[in-house]
Amino acid sequence: MTNSGLFITIEGTEGVGKSTQCRMLCDALSKDSGRTVLATREPGGTELGEAIRGLLLDPGLPAMHGTAELLLVFAARAEHLERTIKPALAAGGIVVCDRFTDATFAYQGGGRGLDATLISTLETLVQGQLRPDLTLVLDLDLTLAARRIHDRGDLDRFEQERGAFFERVRAAYLARAAREPERMKLVDANADPETVHRRLLDQLEPLLR
Ligand code: TMP
């Protein structure tokens, strides 16, 4: 839990409409919550974090060892937490982060098959006890999600993975959401953006009261 701020993360496989929903949510919260809203993303959110993001997503680099990928993700996160997220929360703001550590459990754990205990150890090292107050997991049938990704054109290093990779990622998200129903809320993303947006606001409402 955070001190006075509110830490919200948005998760899901590629093509579920996450970026659009993050934008709509931040706009709504900035207008209606009366609090400062910080929109940020992972990997990224700082100058160094964005540089690390470039390495992680670059399809032109040779294949990356799974442990190297994991450490890069957490290196970006350490910087992001200390320089951006914690100060914003300490000032009482609402932080909306497009992906966070649940993505590491889903992609590096589920997708790449890295040991979840190792990921938990790094989570504690980098975050201490800090966890999101609420995590909204956008869920969409993978065939529909894949269609949206391919319509976008240029694919990054993760988007180029095969269907089985995304099945493991999605399964990992669903399993985590089932294990932590208080913090993680599954949201059906198979609807128009306005409807999905209202579903997210419904999940957030109890926290904003
Ligand atoms: P996105 O901004 O389109 O969601 O792209 C970020 C990519 O980075 C996405 O494919 C998932 C991946 N990723 C991980 O593999 N592990 C992580 O911990 C995070 C935050 C992202």
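Residues numbered from 1 in each chain as written. Predicted model: local features only at pLDDT ≥ 70, side-chain atom pairs only at ≥ 80, totals over all residues. Heavy atoms only, no water.

### Describing the environment of Gln203
Here is step 1 of the chain: Following the sequence through the fold, Gln203 ends up in helix α8 (residues 193–208).
Here is step 2 of the chain: Taking the C-alpha atoms as reference points, Gln203 and Arg170, separated by 33 residues in sequence, lie 20 Å from one another.
Here is step 3 of the chain: Not counting chain neighbours up to four residues away, the residues in contact with Gln203 comprise Leu134, Leu136, Lys185 and Val187. (Helix = DSSP H or I, 4+ residues; strand = E, 2+ residues; numbered from the N terminus. Contact = heavy atoms within 4.5 Å.)

### Here we look at the site of the ligand
Here is step 1 of the chain: Lining the immediate surroundings of the ligand are 15 residues, of which Glu14, Arg53, Arg99, Thr104 and Gln108 lie closest.
Here is step 2 of the chain: One of the side-chain nitrogen or oxygen atoms of Arg53 is found 2.8 Å away from an oxygen atom of the ligand.
Here is step 3 of the chain: Between the ligand and the protein, one listed contact pairs a nitrogen atom with a side-chain N or O atom of Gln108 at 2.8 Å.
Here is step 4 of the chain: Elements that contribute at least two residues to the shell around the ligand include exactly α2 (47–57), α3 (66–90) and α4 (101–111).
Here is step 5 of the chain: Per-class residue counts for the shell around the ligand are 7 nonpolar, 2 polar and 6 charged. (Near = heavy atom within 4 Å. Polar contact = N/O pair within 3.5 Å; in protein donor to acceptor, adjacent residues only side chain to side chain. Nonpolar A, V, L, I, M, F, W, Y, C, P; charged D, E, K, R; others polar.)

### As for the pairing of strand β4 (residues 134–139)
Here is step 1 of the chain: With respect to burial, β4 is a largely interior element, 6 of its 6 residues being buried.
Here is step 2 of the chain: A two-sided burial pattern is seen for β4, the buried positions comprising Leu134, Leu136 and Leu138 on one face and Thr135, Val137 and Asp139 on the other.
Here is step 3 of the chain: Sheet topology note: the strand β1 (residues 6–11)/β4 ladder contains 4 bridges and is parallel. Residue pairing across strands places Thr9 opposite Thr135, the latter belonging to β4.
Here is step 4 of the chain: Here β4 pairs with strand β5 (residues 184–188) via 5 bridges, running parallel. Bridging from a neighbouring strand, Leu136 pairs with Lys185 of β5. (Buried < 20%, exposed > 50% of the residue type's maximum accessible area, 1.4 Å probe, protein only. Pairing = 2+ DSSP bridges.)

### So, the nonpolar core
Here is step 1 of the chain: Formed by 21 residues in total, the largest nonpolar core has its most connected members in Ile8, Ile10, Leu29, Val96, Leu136 and Leu138.
Here is step 2 of the chain: Among the elements of the structure, β1, α1 (18–32), β3 (94–98), β4 and α8 are those that each provide at least two residues to this core.
Here is step 3 of the chain: Discounting residues that sit within four places of it in the chain, Leu138 has contacts with Ile10, Glu11, Gly12, Thr13, Val16, Gly17, Lys18, Gln21, Val187, Ala189, Val196 and Leu200.
Here is step 4 of the chain: In this structure, Ile85, Val95, Ile119 and Val126 belong to the second largest nonpolar core, which totals 16 residues. (Core = buried A, V, L, I, M, F, W, Y, C linked by side-chain atoms within 4.5 Å.)

Read these as geometric descriptors, not functional statements.
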